[in-house]
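# Structural overview for review
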Amino acid sequence: MSRFRRSVAEHAAVVADLLREVPVPTGELALADALGRVLAADVVAPIPLPVFDNSQMDGYAVRAADLTGAALPIARPIPAGAAGAPLVPGTCAPIMTGAPVPAGADTIVPIEAAVPDAFPPFVTDRTRPHDDDARVTLPVAAEVTPGAFVRRAGSDIAAGAVALRAGDRVGPRHAGLAAALGITHLPVLTAPTALLIATGDEVVAPGGELGPGRIFDANTTLLAASLAEAGWASETLTVDTDEPEDFAAALRAAVVRCAPALVLTSGGISAGAYEVVKLALGAGEHDVEFGSVAMQPGGPQGAGLLDVDDRAIPLLAFPGNPVSTFVSFEMFLRPALVERFGARARTSTTARLAEAADSPAGRLQVRRARLGADGVVELIGGAGSHLLGPLAEANALVLIDPETTRAEPGARLRTILIGEIQ
């Protein structure tokens, strides 16, 4: 059985190479469903924005050349959503914000600049007839910029221009622009499916009954939630046996059934006598290697390709302790999903350590911690890979490099945010 010893960077590169060959699925999703996903292609504006010249203000549409200081007759009003008649030279038309600028007009004078600075009654009360004698005094041409307060067609986005770019993550502002352009669906990277495999005859699904020596399965939920946060779907296979032949048969059947883009196991890869994943997959039928990475927690790792019906499927094998599983996902799988599939990247920063911390020589230690708004990070709990309580409390992972055996208070350490700073 092939065994490896790798640094964290070396194993991360192996994982990235495995995922780099996985096809990236794309599809057209409705705007609401596309939120949070990454655009797979440029989106071109099918129409200009604005679609037509329209008024930026409530006021009067006028020809700038007609602003001589004399009172102008008031034409019929133009509400938003209605096209007004062409403007007769020497007149002005009451116009509402967003209404089309009538042909013949080139400027909008805001109502506040008119005398009187309120519309006549027939404008505000549609039950009143038009007053042919109504007039308004507007500023002279020298006081007005021709074209003022007119939003020109296409001044926001021209028809045929790229409105949204491939690689952008769709948020409310992107969806709003698409809706304004009349677009109902967006081309996005869709969710690949990972097959999650929980191993060991000691694990019981949450809600089940615990017998002697049994534990609830936290890893499947933890990994499924992490994948969902990264934009992936998942299916779960529980193999409640430590017999390698039974495990291999169940794995093969599940891969044939759901055709996953990735297989992800937890447990069964350490140095014990009943490490079912290692025993079932490390015998040479598949191109999967097992070994150790210079990291604590999460030292035992496996990676390679499953050969199922002439299809090579990437497989990552994580250790079984829940914190080791979580740290392995964050250190190895998430970066590959960010690079290849547009998953959300974690924010990485440098923080000051609140208290001293010892760390094993030659290993990257990853500790659970709370990062405060002051930039100081406080370690939570010990280094044990079974301590889920501190993981739930943490909003950060602190990395102590392999060359450091003791980090002193105030040391500046790389810190990865996994939650909100409060």
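On a predicted model such as this, the values are computed, not experimentally measured, just so you know.

## Observations regarding the packing of aromatic side chains
Evaluated as defined, the whole model comprises two aromatic pairs. For the ring pair Trp232 and Phe341, a centre distance of 5.0 Å and an interplane angle of 85° mean the geometry is edge-to-face. In this pair, Trp232 sits in the loop between helix H5 (219-229) and strand E16 (233-239) while Phe341 sits in helix H8 (residues 322-341), placing the two residues 109 residues apart along the sequence. Of the two residues, Trp232 and Phe341, neither departs from the other in class, the shared state being buried. In this structure, Arg6 packs its charged tip against the face of Phe4, placed 3.7 Å from the ring centre.

## Things to note about the sheet that holds strand E8 (residues 107-110)
Read across the open sheet, the three strands follow the order E7-E5-E8; overall the sheet is antiparallel. Unpaired on one side and paired on the other, strand E7 (92-95) and E8 mark the two borders of the sheet. Ignoring strand direction, the axes of neighbouring strands in this sheet form an average angle of 30°. Bridge analysis of strand E5 (residues 59-62) against E8 gives four bridges, and the strand direction is antiparallel. The residue of E8 that forms the bridge with Val62 is Thr107.

## Considerations on the sheet that holds strand E13 (residues 193-199)
Ordered in space as E1-E18-E20-E21-E17-E13-E16, the seven strands form an open sheet in which the pairing is mixed. Since the sheet does not close on itself, it has two edges, and those belong to strand E1 (3-6) and E16, each with one partner. Averaged over all pairs of adjacent strands, the angle between their axes in this sheet comes to 25°, without regard to strand direction. Judged from the four bridges that link them, strand E17 (residues 262-266) and strand E21 (residues 311-318) form a sheet pairing that is parallel. Residue pairing across strands places Thr265 opposite Ala317, the latter belonging to E21. Helix-sheet contacts for H5 involve E13, E16, E17 and E21, and the interaxial angle to E13 is about 165°.

## Some details on the environment of Arg165
Looking at the secondary structure, you find Arg165 in the loop between strand E11 (162-164) and helix H4 (172-180). When the C-alpha positions of Arg165 and Val293 are compared, they lie 38 Å apart, and in sequence the two are 128 residues distant. Ignoring any residue separated from it by four or fewer positions in sequence, one finds Arg165 in contact with Leu39, Ala41 and Asp42.

## Let's talk about the pattern of salt bridges
In the structure shown here, the tally under the stated rule is 14 salt bridges. A salt bridge links Glu229 to Arg334, with the nearest nitrogen and oxygen atoms 2.7 Å apart. With Glu229 in helix H5 and Arg334 in helix H8, the pair connects residues that are 105 residues apart, well separated along the chain. Residue classification places Glu229 among the partly exposed residues on the basis of a relative accessible area of 44%. With a shortest N-O distance of 2.3 Å, Asp309 and Arg252 are connected by a salt bridge. Of this pair, Asp309 sits in the loop between strand E20 (300-308) and E21 while Arg252 sits in helix H6 (residues 244-258), and the two are 57 residues apart along the sequence. The partly exposed category is assigned to Arg252, whose relative accessible area is 41%. Ionic contacts of the salt-bridge type, sharing partners, join the residues Glu229, Glu330, Arg334 and Arg346 into one network.

## What about unusual backbone geometry?
Excluding glycine, a negative phi dihedral is what most residues carry, and trans is how most peptide bonds are arranged. Residue Pro50 follows Leu49 across a cis peptide bond; omega there is -10°. With omega at -5°, the peptide bond leading from Gln296 into Pro297 counts as cis. Despite not being glycine, Asp309 has its phi angle at roughly 50°, a positive value. Assessed through its relative accessible area of 51%, Asp309 is described here as exposed. Of note in the backbone geometry, Asp310 takes a positive phi value of approximately 65° without being a glycine. Here Asp310 falls in the exposed class, since its relative accessible area comes to 78%.

About the thresholds
Residues numbered from 1 in each chain as written. Predicted model: local features only at pLDDT ≥ 70, side-chain atom pairs only at ≥ 80, totals over all residues. Heavy atoms only, no water. Phe/Tyr/Trp six-rings, centres within 6.5 Å; stacked < 30°, edge-to-face > 60°. Helix = DSSP H or I, 4+ residues; strand = E, 2+ residues; numbered from the N terminus. Buried < 20%, exposed > 50% of the residue type's maximum accessible area, 1.4 Å probe, protein only. Lys NZ or Arg CZ within 6 Å of the ring centre and 35° of its normal. Pairing = 2+ DSSP bridges. Axes fitted to C-alpha atoms, helices over the stretch in contact; angles between N-to-C directions. Contact = heavy atoms within 4.5 Å. Salt bridge = Lys/Arg side-chain N within 4 Å of Asp/Glu carboxyl O.

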